[in-house]
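Chain by chain, the residues:
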2 protein chains.
Amino acid sequence: MNTIDTLFVNAIVLTMDAKFHIYEPGAVAVGGSKIIAVGDDHKMREKYAESAGTVFDCQGKVLMPGLVNVHTHVPMTLLRGLADDLRLDVWLMGYMMPVEREFVSPEFVKLGTQLACAEMIRSGVTSFADMYYFESDIAEATAAAGMRAVLGESVLKFPSPDARSYEEGLANAEAMIRQWKGHELIVPAVAPHAPYTCTDEILNECAQLAAKYDVPLHTHLSETAQEVENMRKDKGMPVIPYVKKQDLFMAKVIAAHCVHIDDGEIHTLKHHKAGVAHNPSSNMKLSSGAAPVHRMLEIGVDVGIGTDGTGSNNDLDMFDEIRLASFLSKLTTMDPTSLPARTALLMGTRMGAKVIGLDKITGSIETGKAADMILVELDTLHNMPRFAHNQDNIYAQLIYAAKSSDVTDVMINGAFVMRDHQLLTLDETRIKAEAQQVARQIDDFLQKRENSVLSKLIAVGGAMEEESFEVQAKVAISDPTPVLEALEKPAVEIVYKRHYHEYDTYFAFEDRTQGYLRYREDHFIDDDGQVSQVRSRLTLIGPEGEEELPEKVLLSRSRFLAPATQSFRFYREYFKPAFETEVEKDRRRFLIRYHGTEFYVNIDQLIVPALGYFLEVKSRTWSRRDAEAKSMMIAELLSYLNTIPEEASKGEYVKMAVDHHDRQKK
Amino acid sequence: MNTIDTLFVNAIVLTMDAKFHIYEPGAVAVGGSKIIAVGDDHKMREKYAESAGTVFDCQGKVLMPGLVNVHTHVPMTLLRGLADDLRLDVWLMGYMMPVEREFVSPEFVKLGTQLACAEMIRSGVTSFADMYYFESDIAEATAAAGMRAVLGESVLKFPSPDARSYEEGLANAEAMIRQWKGHELIVPAVAPHAPYTCTDEILNECAQLAAKYDVPLHTHLSETAQEVENMRKDKGMPVIPYVKKQDLFMAKVIAAHCVHIDDGEIHTLKHHKAGVAHNPSSNMKLSSGAAPVHRMLEIGVDVGIGTDGTGSNNDLDMFDEIRLASFLSKLTTMDPTSLPARTALLMGTRMGAKVIGLDKITGSIETGKAADMILVELDTLHNMPRFAHNQDNIYAQLIYAAKSSDVTDVMINGAFVMRDHQLLTLDETRIKAEAQQVARQIDDFLQKRENSVLSKLIAVGGAMEEESFEVQAKVAISDPTPVLEALEKPAVEIVYKRHYHEYDTYFAFEDRTQGYLRYREDHFIDDDGQVSQVRSRLTLIGPEGEEELPEKVLLSRSRFLAPATQSFRFYREYFKPAFETEVEKDRRRFLIRYHGTEFYVNIDQLIVPALGYFLEVKSRTWSRRDAEAKSMMIAELLSYLNTIPEEASKGEYVKMAVDHHDRQKK
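Residues numbered from 1 in each chain as written. Chains lettered and ligands numbered in written order. Predicted model: local features only at pLDDT ≥ 70, side-chain atom pairs only at ≥ 80, totals over all residues. Heavy atoms only, no water.

Points about the overall build of chain A
Then step 1. Helix and strand counts for chain A stand at 21 helices and 27 strands.
Then step 2. When the 666 residues of chain A are sorted by exposure, 63% land in the buried category.
Then step 3. In chain A, of all internal contacts separated by at least 6 residues, the share reaching a separation of at least 24 is 71%.
Then step 4. Summed over its atoms, the accessible surface of chain A is roughly 25,000 Å², and 48% of this surface lies on carbon and sulfur atoms.
Then step 5. For chain A, the distance from the average site of its 73 positive side-chain charges to the average site of its 98 negative ones is 1 Å. (Helix = DSSP H or I, 4+ residues; strand = E, 2+ residues; numbered from the N terminus. Buried < 20%, exposed > 50% of the residue type's maximum accessible area, 1.4 Å probe, protein only. Contact = heavy atoms within 4.5 Å. Areas by Shrake-Rupley, 256 points an atom, 1.4 Å probe, with all protein chains shown as cover. Lys, Arg positive; Asp, Glu negative; His and termini not counted. Charge placed at Lys NZ, Arg CZ, Asp CG, Glu CD.)

Here it is, written out as structure tokens:
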């Protein structure tokens, strides 16, 4: 017989097992990290009280499985309340991304994880699934806090705080998986951020990695209607079929959000045993919508409940979250019997554990499972009175009336991490003080940035394109004819060609690190030489391309793009530039395919200032390896187009115009 | 200069005044029940510290106006968690109404009020607007707890726990208004429950009463889509125009819910300066829908936030409620900037005070207003860190992260009711113990009722009609011809006539107090004598008509009606009757108007058992006075229809059939 370390007695034991057994009064015997037995108080005492190391009197409280938070970003707890009530683009690109770029480091994520673990333990969470950067550091802090977690290292096509390219991200994920695989509390995972921030290749490689090591794959799917619309436009199908096509489901998928999916997609998720992480607060606060949870449950998909990060919540309170899941389902189905308390709590415990692949280990109080349990006090004022004419009363009490502050004790894997509201593994005072220090630094950073052109652009700019990388090369040419002739040759396939007349005004500022803000009017010229359409756009161009690739090809970043919906005069007044520079040019633009790769070729005639003809070759890129390969191809292409690659320069037109102007003044 | 009793210093003072002044650090001077001054900490100390009775160090907490809960039913706090996740009809008629009928008394409402006040004070509420029964007892308990409230005595067309008729309810309301008008903390009000539970007359008389005493009128309007649909069907217009037609807006109206109203109705509310009580938790949990709050605010209607009763919430936590109001608006508008934190908090404070007519007194920290203030601690773990780069950060922190448990101190009307989480005016231990006793009694009552036919009917019955009162008289006649002839005479106007063949089966039970459950098939007979339609219904008939009115007219109640959507065999198995009785009859049914009043006249030929012809005269009634008047008219009508009123009997057909059967057996 197993040794009993602790015998919990005098509790209302909610097992959340398959038959929803309740023992009132009940008892639970724990030995080492495991639950040894569960049953009636009287019988359990008879059998175990004498040999138990400790007999723990639960004083009539509810003893239940710890809650499972199936989707969050724990380090972002340090960004709680950073910016709220904003449009998604303004929030993301104006606040979250710049602050993350500046501040996220191993120390940052450790502190954020500690803050989050403290808050989650306080509110009865014993397991969570995370997705962020420096996930190995997160794992260290989580294990030290004594919490159980599935931790996914993020991979995405943009540079991130811990990876300059997706290959680096993928390598980080693999290293993290190797390091943590087999840990008693931590399950490592890979987390391709979302289809719209990944490529076909990234999704597929992440799935292969997850399958290779048999770890979960955690990702965001179908969070917004916009995402689905873009996917339909770009790929001709909604999100779930698209990721299926990339073989994502060769992995065990934790699909966060799934707000905008239809019955067919739900069946696909079921078929592939994917679990869904439902985040009601986040979906409401960010206006994403309401996930069809009732249909998922009807069709048989496992759905857990997540808080998402505090950026969009703003807390990690699973009591709030479970309740809101029930309320939201009742609202959207217009059926008050929808998602009743017991089902909601099941999603917050055993079903949640299944969603993140921990159902063999946690999520219910059953013999053989880990002792992940919490005590909840139900005689606090806001819980009074308690009815008992019906077995479901206790679930309703927990879901609709109880608060996270009613959690008094938390045990994870057989070890107490909170006793009588006191945290045992985390130093709350230190964590709070350090968190405040970080917030002060971020406040300073944001206040200084108040004069930033980028933040002003974002504040006014409408839907923004994300930042991107481009490889590009430019060569002065005396005559465009040889280039045009080369383009007609068979090695080049012309996908399309356009003719524009472009009027650009570049704003520059006293602070040169702000870069240039370009206001451009594109006049489309049709085959008859007539202007058929005019489009105005704003582009913020970073101060300098950061590095030169081989063959004088430039790798540039930090371009932000916005439709210019206001007048030129408005922008001049709004941005108050210190300098203005005009550039006017005629542009023949070709999208070509060369050895299977797409490039933009611009044949430009500069009119203001009158600097003659230039050939530009550009291509978007998402990885360093790809950038290097493309820079080699660009050099080759320049030769092919009858120019001399060695003459390529990295100058932007605005600089040429400024230099020209300076020369004239002298 | 005023005497300063308490000078609050070292606080973040959120005034919530018209300019949203924040003093950080700030101070507030209180003298007697009033705020004497508000301002910068330093200047206020210089001016008042020396002369102040007490200098209260707020330790950097937020000092803000107390929250205003604009719609609740405080005594129902004793019914928290009584029954959840049920269809509205099952919840209301299966649980709430029977329990209220059995348990609600002056003692019940006082205890419930104490429990609610304790919970509200703990969560930072200083004022609320209530609607229930025995409101004068509620006022007593509220004043003793030191809370501010607008308390509306309910008036409705059904008998209620404190009024057998609407006239009694109205008289109670007037008495309550006279008793409490002018009290420092209590504003009395009248509360016609809702259009669908009132009559034209009740609404109008309530409005007159409110206008006469210049007190608010608190009512439920347009809570569900069904309500609006029924109103359109019955009155040819939606709810707001209907109540306008009854001159409801001659009073200052507090309109709870307003979930299903259009722009035109919103303009009507604005024009009449009605305030709206928005109850997001209740509207979600009961699947009522989402009120168009953003439109109300755009058009300029004042909207406050309410918890509703704990039956549909299940708490009185305004922190939860304000946050949910913001989330819900962001979801329904699909705009994350909708209902930002500051606006949400405004609705929970100053604007809420305006909705319930207390804006001159409370809702903001301004010189001259009552000292209704709370202290909120923002350095709790779940509030960490706190950003300060933007003035709106503090509102976001309070709305999206802070919890009711962060409220440490509460002052109402210059008097502390909570200090450092300790209630000063209420004995929490006693209240909790007594509340548990009441819950045990209700548990017992409900467990006993498990065998009740009514509850079983409700559980299975689909949409139910509410209970009703009827006055009725029945006379045996030898020949229907004289009655039919009298119906042709000019004093009677026939609104319509119908011809049925009715097959009834009455179920009776060992427990005779259960009454009879009738399963009826109505065969409609058309002019050619053919059956044109068949309808099946279940009716539960109370055990006995409770009292006889003058002229042998019976006042009966407790009839519950449900469409019989299942087979007869199902009902027989489901209800397991001890006895069955068959009645078959031919019925000619007339709706007539006699001296301006509508009556139903049935000329029945009993076929099984073959007992001959009967004349029945019936009318619905909503008040005792009306019932008495109608019973006189029925006697007159019986004479007019050539029968002898003195021969009228109160026997139901089922009893005649049973008697007949018994006689045959002998």
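Some details on the relation of the copies chain A and chain B
Then step 1. Screw-axis analysis of chain A against chain B gives a translation of 0.1 Å along the axis, an RMSD of 0.1 Å, and a rotation angle of 180°. Accordingly, the operation relating the two chain copies is best matched by a two-fold axis.
Then step 2. Most of the interface of chain A is mirrored in chain B: 100% of its interface residues are interface residues there too. (Least-squares fit on C-alpha atoms with pLDDT ≥ 70 in both.)

Examining the pairing of strand 7 (residues 125-132) of chain B
Residue and element names in this part refer to chain B.
Then step 1. With eight of its eight residues buried, strand 7 lies for the most part within the structure.
Then step 2. Note: strand 6 (residues 67-72) against strand 7, four bridges, orientation parallel. Across the sheet, Asn69 pairs through a bridge with Phe128, a residue of strand 7.
Then step 3. A crossover connection joins strand 7 to the parallel strand 8 (residues 148-155) through helix 4 (residues 135-145); in handedness this β-α-β unit is right-handed. (Pairing = 2+ DSSP bridges. Right-handed = clockwise from strand over helix to strand, strands pointing away.)

A few points about the side chain of Ser136(A)
All names here are of chain A.
Then step 1. In this fold, Ser136 is placed in helix 4 (residues 135-145).
Then step 2. With a relative accessible area of 17%, Ser136 lands in the buried category.
Then step 3. Polar contacts involving the side chain of Ser136 include one to the side chain of Gln179, which spans 2.7 Å.
Then step 4. A distance of 3.0 Å separates a polar atom in the side chain of Ser136 from a polar atom in the side chain of Trp180. (Polar contact = N/O pair within 3.5 Å; in protein donor to acceptor, adjacent residues only side chain to side chain.)

Notes on the side chain of Lys474(A)
Residues and elements named next belong to chain A.
Then step 1. Inspection of the secondary structure puts Lys474 in strand 18 (residues 469-477).
Then step 2. Assessed through its relative accessible area of 1%, Lys474 is described here as buried.
Then step 3. A distance of 3.1 Å separates the side chain of Lys474 from the side chain of Glu616, its partner in a polar contact.
Then step 4. The residues touching Lys474, leaving out its near neighbours within four places in the chain, are Phe614, Leu615, Glu616, Glu647, Ala648, Ser649, Gly651, Glu652, Tyr653 and Met656.

Section: the packing of helix 12 (residues 318-333) of chain A against helix 13 (residues 341-348) of chain A
The description of two packed helices rests on the angle between their axes and on the distance between the axes.
All names here are of chain A.
Then step 1. Between helix 12 and helix 13, whose axes approach to 9 Å, the crossing angle comes to 130°. What the angle tells us is that helix 12 and helix 13 run oblique. The element helix 12 and its partner helix 13 pack so that their crossing is right-handed. Judged by residue contacts, Met318, Ile322 and Ser326 of helix 12 engage Ala344, Leu345 and Gly348 from helix 13.
Then step 2. Split into classes, the residues belonging to the contact of helix 12 with helix 13 amount to four nonpolar, two polar and no charged. (Axes fitted to C-alpha atoms, helices over the stretch in contact; angles between N-to-C directions. Parallel < 35°, antiparallel > 145°, perpendicular 65-115°, else oblique. Left-handed = near helix turned anticlockwise from the far one by under 90°. Nonpolar A, V, L, I, M, F, W, Y, C, P; charged D, E, K, R; others polar.)

A look at the interface of chain A and chain B
Then step 1. Taken together, the contacts link 71 residues of chain A with 71 residues of chain B.
Then step 2. Summing both sides of the interface, chain A and chain B together bury roughly 5,700 Å²; the carbon and sulfur share of this comes to 60%.
Then step 3. If you sort the residues of chain A by the area they bury against chain B, Asp85(A), Leu381(A) and Phe387(A) come out on top, with a joint share of 14%.
Then step 4. For the pair chain A and chain B, the interface holds twelve salt bridges.
Then step 5. Salt-bridge contacts for Lys403(A) lead to Asp315(B); the nearest nitrogen and oxygen are separated by 3.7 Å.
Then step 6. For the pair chain A and chain B, the interface holds 38 residue pairs in polar contact (both at pLDDT 80 or more).
Then step 7. Looking at the side of chain A that touches chain B, the elements that each hand over two or more residues are helix 2 (88-103), helix 3 (106-122), helix 10 (280-285), helix 12, helix 15 (393-401) and helix 16 (428-448) of chain A.
Then step 8. A per-element tally of the side of chain A that touches chain B places helix 16 of chain A first, with ten residues. (Buried area = accessible area lost by both parts, 1.4 Å probe. Salt bridge = Lys/Arg side-chain N within 4 Å of Asp/Glu carboxyl O.)

Side note on unusual backbone geometry
Then step 1. Going from Met384(A) to Pro385(A), the amide bond is cis rather than trans, its omega being -15°.
Then step 2. The peptide bond linking Glu24(B) to Pro25(B) adopts the cis configuration, its omega dihedral lying at 0°.
Then step 3. Here Pro25(B) shows up in strand 2 (residues 22-31).
Then step 4. The phi angle at Lys273(A) is positive, at roughly 55°, despite the residue not being glycine.

Points about the environment of Val13(B)
Residues and elements named next belong to chain B.
Then step 1. Within the secondary structure, Val13 sits in strand 1 (residues 6-14).
Then step 2. By relative accessible area, which is 0% here, Val13 ends up buried.
Then step 3. On a C-alpha basis, the gap between Val13 and Cys58 in space is 10.0 Å, while along the polypeptide they are 45 residues apart.
Then step 4. With residues near it in sequence (within four places) discarded, Val13 still touches His21, Ile22, Tyr23, Gly26, Ala27, Val28, Val38, Leu63 and Ile365.

Remarks on the environment of Gly169(B)
Residues and elements named next belong to chain B.
Then step 1. Turning to its location among the elements, Gly169 is positioned in helix 5 (residues 166-180).
Then step 2. With a relative accessible area of 2%, Gly169 lands in the buried category.
Then step 3. Residues Gly169 and Ala402, 233 residues apart in the sequence, show an inter-C-alpha distance of 41 Å.
Then step 4. The contact partners of Gly169, leaving out residues within four places of it in the chain, are Glu153, Ser154, Val155 and Ala163.

Some remarks on the confidence of the model for chain A
Then step 1. In this model, chain A carries a mean pLDDT of 91, and residues with pLDDT of at least 70 account for 94%.
Then step 2. Model confidence for the complex is summarised by a pTM of 0.81, with the ipTM given as 0.80. (pLDDT = per-residue confidence, 0-100.)

Considering the domain arrangement of chain A
Then step 1. Taken as a whole, chain A is organised into domain 1 (4-60), domain 2 (67-361 + 373-440) and domain 3 (462-665).
Then step 2. Look at where the C-alpha atoms of domain 2 of chain A and domain 3 of chain A centre, and you get two points 42 Å apart. (Domains from an automatic or database assignment.)

Observations regarding the packing of aromatic side chains
Then step 1. Tallying each qualifying case throughout the model produces 26 aromatic pairs over all chains.
Then step 2. Ring centres 5.1 Å apart and planes at 45° place the aromatic pair Phe8(B) and Phe56(B) in the tilted group. In this pair, Phe8(B) is assigned in strand 1 and Phe56(B) in strand 4 (residues 54-57), connecting sequence segments 48 residues apart. Taken as a pair, Phe8(B) and Phe56(B) share a single burial class, namely buried.
Then step 3. Connected via pairs of aromatic rings, a cluster forms that spans Phe8(A), Phe56(A) and Phe416(A).
Then step 4. Over the face of the ring belonging to Tyr640(A) we find Lys489(A), whose NZ or CZ atom lies 4.8 Å from the ring centre.
Then step 5. Lying across the ring of Phe20(B), Arg350(B) places its NZ or CZ 5.8 Å from the centre. (Phe/Tyr/Trp six-rings, centres within 6.5 Å; stacked < 30°, edge-to-face > 60°. Lys NZ or Arg CZ within 6 Å of the ring centre and 35° of its normal.)

Details of the pattern of salt bridges
Then step 1. A complete count under the given rule lists 78 salt bridges over all chains for this structure.
Then step 2. As a salt-bridge pair, Arg323(A) and Asp320(B) come within 2.4 Å of each other at their nearest N and O atoms. Taken together, the positions of Arg323(A) in helix 12 and Asp320(B) in helix 12 (residues 318-333) put the pair across two chains.
Then step 3. When the shortest N-O distance is used, the salt bridge between Asp84(B) and Lys285(B) registers 2.5 Å. Taken together, the residues span a long stretch of sequence, with Asp84(B) in the loop between strand 6 and helix 2 (88-103) and Lys285(B) in helix 10 (residues 280-285) at a distance of 201 residues.
Then step 4. Using a relative accessible area of 13% as the deciding quantity, one classes Asp84(B) as buried.
Then step 5. On the basis of relative accessible area, Lys285(B) is assigned to the buried category, the value being 4%.
Then step 6. Within the structure, one salt-bridge network assembled from shared partners comprises Lys474(A), Glu502(A), Asp504(A), Arg520(A), Lys585(A), Arg587(A), Asp604(A), Glu616(A) and Lys618(A).

A few points about the packing of helix 13 (residues 341-348) of chain B against helix 15 (residues 393-401) of chain B
Residues and elements named next belong to chain B.
Then step 1. For the pair helix 13 and helix 15, the least separation of the axes is 8 Å and the interaxial angle reads 70°. Judged on the interaxial angle alone, helix 15 and helix 13 are roughly perpendicular. Note on packing geometry: the crossing formed by helix 13 with helix 15 is left-handed. Contacts between helix 13 and helix 15 involve Ala341, Arg342, Ala344 and Leu345 on the former and, on the latter, Tyr395, Ala396, Leu398, Ile399 and Tyr400.
Then step 2. Along the lines of polarity and charge, the residues of the contact of helix 13 with helix 15 split into eight nonpolar, no polar and one charged.

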